[in-house]
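# Structural description and commentary
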Amino acid sequence: IFLYVGSEVGFAGWIYTYTLKQTSAGATTAAGINAAFWAGFTVSRLLSIPLALRLKPDKILWIDLIGTAASLLLILLLPGQIWALWLGSIGTGAFMASVFPTILNDAQTRMHMSSGTTSLFFAGASLGGMVLPFLMGQIIGPYGPQAVILTVFAAMVAALILFFFVIVA
């Protein structure tokens with residue numbers, strides 16, 4: 001949950017700057033790409049409610065984590081391609097949308113969720129939301145805007161690996 005929330009907040013917070021620095025797009029396009037991320041996020045969050053009635057939480061998480069990584073990979077492999085940035089941003093928002101509530105739902109099926117346990121989940125989420133975006137801000141200067149997307153991608157791949165070990169264990 002640390003990795004996911006950090007990725008979500010980091011992507012949403014830095015995609016505007018990434019767009020301005022990585023492409024020749026202006027401020028209006030950068031704002032539109034940020035809005036497209038949130039539009040994908042909002043629509044997908046609404047659509048995930050009936051999906052949650054049909055699929056188990058672990059299946060939804062696999063789809064979400066792999067879809068997010070694939071969307072970010074599109075942006076990484078085609079830097080500067082504005083259409084890839086639009087599509088990747090919408091996809092990232094759409095696939096990230098149901099991760100947080102599904103993680104809590106999945107955890108509930110695996111363990112007793114006391115108030116103390118739940119507070120640890122939220123503390124981890126809050127910490128991720130502070131640490132990863134801060135790190136992205138520190139690396140964008142020396143390594144360029146591509147480092148932001150690479151950081152989010154690495155965090156999502158790490159989340160996929162951790163989730164795999166949760167499923168296997």
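Summary of the structure given here. (Residues numbered from 1 in each chain as written. Predicted model: local features only at pLDDT ≥ 70, side-chain atom pairs only at ≥ 80, totals over all residues. Heavy atoms only, no water.)

## What about the overall build of the protein?
Check the secondary structure of the protein and you find 7 helices and 0 strands. When its helices and strands are written in sequence order, the protein yields α-α-α-α-α-α-α. Taken along its principal axes, the extent of the C-alpha atoms in the protein is 50 × 30 × 25 Å. Considering the protein as a whole, with its 169 residues, one finds that 46% of them fall into the buried category. In the protein, once contacts between residues fewer than 6 apart in sequence are set aside, the share between residues at least 24 apart is 77%. (Helix = DSSP H or I, 4+ residues; strand = E, 2+ residues; numbered from the N terminus. Buried < 20%, exposed > 50% of the residue type's maximum accessible area, 1.4 Å probe, protein only. Contact = heavy atoms within 4.5 Å.)

## So, the packing of helix 6 (residues 115–143) against helix 7 (residues 146–168)
At a minimum axis distance of 8 Å, the contact between helix 6 and helix 7 shows a crossing angle of 140°. The angle between helix 6 and helix 7 places the two elements in the oblique class. Here the hand of the crossing between helix 6 and helix 7 comes out right-handed. Across the interface between the two elements, L132, M136, I139, I140 and Y143 of helix 6 pack against A147, V148, T151, V152 and A155 of helix 7. (Axes fitted to C-alpha atoms, helices over the stretch in contact; angles between N-to-C directions. Parallel < 35°, antiparallel > 145°, perpendicular 65-115°, else oblique. Left-handed = near helix turned anticlockwise from the far one by under 90°.)

## Structural notes on the pattern of salt bridges
All chains considered together, the criterion is met by 1 salt bridge. A salt bridge links R110 to D106, with the nearest nitrogen and oxygen atoms 2.8 Å apart. With R110 and D106 both in helix 5 (residues 99–110) and 4 residues apart, the pair spans about one turn of that helix. Its relative accessible area of 39% is what places R110 among the partly exposed residues. Residue D106 is classed as buried on the basis of its relative accessible area of 5%. (Salt bridge = Lys/Arg side-chain N within 4 Å of Asp/Glu carboxyl O.)

## Quick word on the nonpolar core
It is characteristic of soluble globular proteins that their nonpolar side chains tend to be buried jointly. Judged by nonpolar contacts, the single largest core of 39 residues is most densely connected at Y4, F11, I15, L72, M96, I149 and V152. For this core, the secondary-structure elements that each account for two or more residues are helix 1 (2–22), helix 2 (27–54), helix 3 (57–77), helix 4 (82–96), helix 5, helix 6 and helix 7. At 9 residues, the largest contribution of residues to this core is made by helix 7. (Core = buried A, V, L, I, M, F, W, Y, C linked by side-chain atoms within 4.5 Å.)

By themselves, these figures tell us nothing about what the structure is for.
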